[in-house]
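Structural description and commentary
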Amino acid sequence: MKELQPHQQRVVCESEELQEKITKLENFVSTNPAYQKMQTDDRVLLSAQLAAMTAYNRILQARIMKF
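Let me sum up the structure you'll find in this document. (Residues numbered from 1 in each chain as written. Predicted model: local features only at pLDDT ≥ 70, side-chain atom pairs only at ≥ 80, totals over all residues. Heavy atoms only, no water.)

1. Observations concerning the nonpolar core
- Among the nonpolar cores identified, the biggest contains 12 residues, and these are Leu-4, Val-11, Val-12, Leu-18, Ile-22, Leu-25, Tyr-35, Leu-46, Leu-50, Met-53, Leu-60 and Ile-64.
- At the level of elements, α1 (6–31) and α3 (40–65) are the ones that each hand at least two residues to this core.
- Setting aside residues up to four positions removed in sequence, Ile-22 forms contacts with Leu-50, Met-53, Thr-54 and Asn-57. (Core = buried A, V, L, I, M, F, W, Y, C linked by side-chain atoms within 4.5 Å. Buried < 20%, exposed > 50% of the residue type's maximum accessible area, 1.4 Å probe, protein only. Helix = DSSP H or I, 4+ residues; strand = E, 2+ residues; numbered from the N terminus. Contact = heavy atoms within 4.5 Å.)

2. Overview of the packing of aromatic side chains
- Taken as a whole and assessed by the stated rule, the structure comprises one aromatic pair.
- Where Phe-28 meets Tyr-35, the ring centres are 6.0 Å apart and the plane angle is 80 degrees; that geometry is what we call edge-to-face. (Phe/Tyr/Trp six-rings, centres within 6.5 Å; stacked < 30°, edge-to-face > 60°.)

3. Concerning the packing of α1 against α3
- At a minimum axis separation of 9 Å, α1 and α3 run at an interaxial angle of 150 degrees. The angle between the axes of α1 and α3 places the two elements in the roughly antiparallel class. Remark: the crossing between α1 and α3 carries left-handed chirality. The segment α1 lies against α3, with Val-11, Val-12, Glu-14, Ser-15, Leu-18, Gln-19, Lys-21, Ile-22, Leu-25, Glu-26 and Phe-28 engaging Leu-46, Gln-49, Leu-50, Met-53, Thr-54, Tyr-56, Asn-57, Leu-60, Gln-61, Arg-63 and Ile-64.
- Broken down by class, the residue content of the contact of α1 with α3 amounts to 12 nonpolar, six polar and four charged. (Axes fitted to C-alpha atoms, helices over the stretch in contact; angles between N-to-C directions. Parallel < 35°, antiparallel > 145°, perpendicular 65-115°, else oblique. Left-handed = near helix turned anticlockwise from the far one by under 90°. Nonpolar A, V, L, I, M, F, W, Y, C, P; charged D, E, K, R; others polar.)

Function-wise, these values are silent; they only describe arrangement.
See below:
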C-alpha cells in the first residue's frame, strides 16, 4: 500500500472512528433493553441516525478505495 497523504489519512481515521460509533449504536439498538423502553419517535430518530452514519461511512469507504 502506498504512503497516504495527510488529508487521505484523515479520511481513513474518520472512517475508522465512525465505524466504531456505528458498531456501538448497532449494539445499543439490537441488544440494550433501554432502547425498547424509549419513546417511538426517539427510536425512529436513532434508526435514522444509524442509517445516515452508515451511508456516510460507505461514502468515506468509496473515497478511500480511490486512494
